[in-house]
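Chain and residue survey
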Amino acid sequence: MIDRGKLKSALAKESDRFIEEHPKSNEQYRKSREHLLGGVPMAWMKRWPGAFPIFARSATGAKITDIDGRQYVDFALGDTGAMTGHAPVYLAEAIVEQSKIAITTMMPSEDSIEVAKALTERFGLNKWQFALSATDANRFALRLARFVTRRRQILVFDWCYHGTVDETLVTLDDSGRVIPRLGNSTSAFDPAQTTKVVQFNDLPALEEALRTEDVAAVLCEPALTNIGIVLPDDGFHGKLRELCTKYGTLLIIDETHTICVGPGGYGRQYDLKPDMLTIGKPIGGGIPSAAFGMTEEVAIQLEEMVNEDSIDVSGIGGTLGANAFSSRATLATLNNSLSKEHFDVSIPLAKDWADGVRRVINSYNLDWSVQNLGSRSEYWFCPAPKNGREAAQAMDPELERYFHLYALNRSILLTPFHNMALFSHYHSSADVERHTEVFKETVESIL
Ligand SMILES: Cc1ncc(COP(=O)(O)O)c(C=O)c1O
């Protein structure tokens, strides 16, 4: 139904409008090319839909203002790092005060005990260690899983994303071989040596892969959120848990994004019973902080390793990890945010957003779909995919770019990597209604 000719010229028009309306960002981008590789401090910051990235001046609550003075409703929320809302007051106060007392010492702070206790109350696992990014939490959890099981292989689901962990940046080619994801072509090793990959929701393939009893851990998000939202089939998680136990494989749940389901994440809500759990991004309210937790049973097996003198070169750690500043930010966040009261606001908004998009899709008889997972929702230009492969095949970069740019030019930011909106308790029904209106206009402009 999409008129591709119309789409091309509409995209060109929106691109011109973007350039015209962002002279200061354009100027900064030109300057930044002198000393920043590719003109950006992190390469993926180019993944916004305009000809150059917009430079932010301030971000509070659910709003971002750029250096051209334009204000946006932010449905990206730093791809979850700012799920608490930007710069909440309790956090600003806590970190200002902490920065005058201690920032980093390489000693435990009393806050770290409170953080671990708060994490246990939320997620149910007994013992915790800290890191500064979800990437590192995953890297460390995988190492520990290998130590406990004395096995080398890990298993992930196709098109997962767990951060820049080489052995998880993998996919299956058409013949079912494990290969590095496009973009990870510089991997130092052949990931087929370290990683098994199966399709999400494919229980027979999962059992086939675990049956050989050489897999240390399954690392998974409870629902895929990084190739769009792909939900688990009914019964998938019960069987996944059962198979991991049967074949002696540890189950590591990455709740970094799926904490959008509630204060204890998807695992607590649906009683997934992981052996280990990883989380980063929002738990420090945007200040670098991450954690990985484990059951008492796993902890007992690691106690001896942690007491080794050589632990500093075990591949787990980092001198800035668990620093006093991050620990205070995490404690302030866990005590004041990501709470039931906040989710009671953000989850209904995400559902309303999905309903609004669905109404537009249905009114034009498009074969598109919309998914909801707690406080995040996502639309697809196809029926809802069942696994990562179907999801990846359904990507339509040109159409996606147009929808993102059309929204951005009307003061709405979507998460850059796919068509996702994430909600905080700072968002409002007016934000949702405005998005529905803009989405409708976008569709109408290319039919
Ligand atoms: C599920 C999941 N885990 C881990 C990560 C890595 O987080 P970070 O880039 O903050 O290390 C991401 C990042 O998008 C993620 O989506």
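Everything quoted here is computed from the prediction, not taken from an experiment.

Turning our eyes to something else, we now look at the overall build of the chain. Scanning the chain from N- to C-terminus turns up 14 helices and 16 strands. For the chain, the C-alpha radius of gyration of 22 Å lies close to 22 Å, the compact-globule estimate for 447 residues. Projecting the C-alpha coordinates of the chain onto the three principal axes gives extents of approximately 65 × 55 × 45 Å. Relative to its 447 residues, the chain shows a buried fraction of 56%. Taking the 46 positively charged and 59 negatively charged side chains of the chain as two groups, their mean positions are separated by 3 Å.

As a further point, take the sheet that holds strand E16 (residues 420-422). The strand order across the open sheet built from three strands is E13-E14-E16, with neighbouring strands paired in antiparallel fashion. Every interior strand has two partners, whereas the edge strands, strand E13 (369-373) and E16, have only one. Direction aside, the axes of adjacent strands within the sheet are offset by 15° on average. Pairing between strand E14 (residues 376-380) and E16: three bridges, direction antiparallel. Along E16, the bridge assignment pairs glutamate 378 with methionine 420.

Attention now moves to the packing of aromatic side chains. Applying the stated rule across the entire model yields 20 aromatic pairs. When the ring of phenylalanine 18 is compared with that of phenylalanine 52, the centres are 4.9 Å apart and the planes differ by 45°; the resulting orientation is tilted. One end of the pair, phenylalanine 18, is in helix H1 (residues 4-21); the other, phenylalanine 52, is in the loop between helix H2 (23-32) and strand E1 (56-60), with 34 residues separating them in the sequence. We classify phenylalanine 18 as buried; its relative accessible area is 1%.

So, about the nonpolar core. Judged by nonpolar contacts, the single largest core of 52 residues is most densely connected at Leu155, Phe157, Leu210 and Val218. No other element matches helix H4 (residues 110-123), which puts five residues into this core. Taken domain by domain, the makeup of this core includes at least three residues from each of domain 1 (4-86 + 339-444) and domain 2 (89-336). Those residues in contact with phenylalanine 157 that lie beyond four places of it in its chain are Val197, Val198, Gln199, Phe200, Leu206, Val218, Cys220, Leu224 and Phe236. If you look at the next biggest cluster of nonpolar residues, it comprises 41 residues, including Tyr29, Ala350, Ile361 and Leu399.

This brings us to the site of the ligand. The full set close to the ligand counts 14 residues, and Thr135, Asn226, Asp254, His257 and Lys281 are the nearest of them. At 3.4 Å, a backbone N or O of alanine 134 approaches an oxygen atom of the ligand. Side-chain polar atom of histidine 257 to an oxygen atom of the ligand: 3.1 Å apart, as the coordinates give it. Burial of the ligand by the protein amounts to 84% of the accessible area it has alone, namely 390 Å². Of the residues forming the shell around the ligand, the biggest block, three residues, is contributed by helix H5 (residues 134-149). A class-by-class count of the residues in the shell around the ligand yields two nonpolar, eight polar and four charged.

Now for the sheet that holds strand E9 (residues 215-220). Strands in a sheet are paired, the pairing made by backbone hydrogen bonds, and the direction either parallel or antiparallel. Across the sheet, seven strands lie side by side as E4-E12-E11-E10-E9-E5-E8; this open sheet has mixed pairing. A strand with exactly one partner marks an edge of an open sheet, and here the two such strands are strand E4 (127-131) and strand E8 (195-198). Averaged over all neighbouring strand pairs, the angle between strand axes comes to 20°, with direction disregarded. Contacting E4, strand E11 (276-279) and strand E12 (290-294), H4 runs over the sheet at an angle of about 120° to E4. Packed on one face of the sheet, helix H9 (residues 296-306) meets E4, strand E10 (250-254), E11 and E12 and runs near 100° to E12.

What follows concerns helix H3 (residues 89-101). An α-helical turn contains 3.6 residues, so a residue and the one three or four places further along point in the same direction. Compared with the 18 Å implied by 1.5 Å per residue over 13 residues, the 19 Å span of H3 between its first and last C-alpha is a close match. Here H3 has its buried residues at Tyr90, Leu91, Ala94, Ile95 and Gln98. The arc that holds the buried residues of H3, viewed along the axis, is 115°, so those residues lie on one side. Opposite its buried face, H3 presents the exposed residues Val89, Glu93 and Lys100, each directed more than 90 degrees away. Where H3 is buried, its residues touch H4 and helix H10 (324-336).

Quick look at the domain arrangement of the chain now. Domain annotation of the chain identifies domain 1 (4-86 + 339-444) and domain 2 (89-336). Each of domain 1 and domain 2 has a C-alpha centre, and the two are 27 Å apart. Listed by partner, the interface residues are 30 residues for domain 1 and 34 residues for domain 2. Measuring nitrogen to oxygen at the nearest pair gives 2.7 Å for the salt bridge that ties arginine 389 to aspartate 174. Between the two partners, domain 1 and domain 2, sit 12 residue pairs in polar contact (both at pLDDT 80 or more). Only helix H11 (340-363), E13, E14, helix H12 (388-393) and E16 provide two or more residues apiece to the side of domain 1 that touches domain 2.

Quick look at a negative patch on the surface now. The grouping of Glu304, Glu308, Asp309 and Asp312 at the surface amounts to a negative patch. With respect to the helices and strands, the residue glutamate 304 is situated in helix H9.

What follows covers unusual backbone geometry. Even without being a glycine, asparagine 201 presents a positive backbone phi close to 75°. Here asparagine 201 shows up in the loop between E8 and helix H6 (203-210). Despite not being glycine, alanine 322 shows a phi value in the positive range, around 55°. Among the structural elements, alanine 322 can be located in the loop between H9 and H10. Judged by its relative accessible area of 28%, alanine 322 is partly exposed.

The rules behind the values
- All residue numbers refer to position in the chain's written sequence, counted from 1.
- Reporting of local features is limited, given that this is a predicted model, to residues whose pLDDT is at least 70; pairs of side-chain atoms are given and counted only at 80 or more, and all residues count toward the totals for whole chains, interfaces and linings.
- Only hydrogens and water are set aside; all other atoms, that is, all heavy atoms of the structure, feed into the side-chain values.
- Where helices and strands are cited, they refer to DSSP runs of H or I of at least four residues and of E of at least two residues respectively, numbered from the N terminus.
- In this treatment the radius of gyration is a C-alpha quantity, and the globule benchmark scales as 2.2 Å times the residue count to the 0.38 power.
- The buried label goes to any residue with under 20% of its type's maximum accessible area, the exposed label to any with over 50%, and the partly exposed label to all in between, with areas taken from a 1.4 Å probe on protein chains only.
- In this count, Lys and Arg are taken as positive residues and Asp and Glu as negative ones, while His and the chain termini are left out.
- Positions of charges follow a simple convention, taking NZ of Lys, CZ of Arg, CG of Asp or CD of Glu.
- Here the rule is simple: two strands pair whenever DSSP picks up at least two bridges between them.
- With axes taken as lines fitted to C-alpha atoms, and helix axes fitted only over the stretch in contact, angles between N-to-C directions fall between 0 and 180 degrees.
- Ring pairs are drawn from Phe, Tyr and Trp, using the six-membered ring of Trp, whenever the two centres fall within 6.5 Å, and their geometry is named by plane angle: stacked under 30 degrees, edge-to-face over 60, tilted for the rest.
- For this analysis, a nonpolar core means a set of buried residues of the types Ala, Val, Leu, Ile, Met, Phe, Trp, Tyr and Cys, connected via side-chain atoms within 4.5 Å.
- All domain edges in this entry derive from an automatic or database-based domain assignment.
- Whether two residues touch is decided by their heavy atoms; if any such pair falls within 4.5 Å, the residues are in contact.
- A cutoff of 4 Å decides nearness: a residue is near a molecule or strand if any of its heavy atoms lies inside that distance of it.
- Polar contact is the term for a pair of N or O atoms within 3.5 Å; when the atoms are in protein, one must be able to donate a hydrogen and the other to accept it, and sequence-neighboring residues count only if both atoms are side-chain atoms.
- Using a 1.4 Å probe, accessible areas were evaluated by the Shrake-Rupley method; residue-level cover was limited to the displayed protein chains.
- Here the term charged refers only to Asp, Glu, Lys and Arg, the term nonpolar to Ala, Val, Leu, Ile, Met, Phe, Trp, Tyr, Cys and Pro, and the term polar to all other amino acids, Gly among them.
- Working rule for helices: expected span equals 1.5 Å times residues minus one.
- In this context, the arc is that of the directions from the helix axis out to the C-beta atoms.
- Counted as salt bridges are all cases of a side-chain nitrogen of Lys or Arg within 4 Å of a carboxyl oxygen of Asp or Glu.
- Think of a patch as exposed residues, more than 30% relative accessible area, with no salt bridge, where like charges cluster within 9 Å and nonpolar side chains (Val, Leu, Ile, Met, Phe, Trp, Tyr) cluster within 5 Å.

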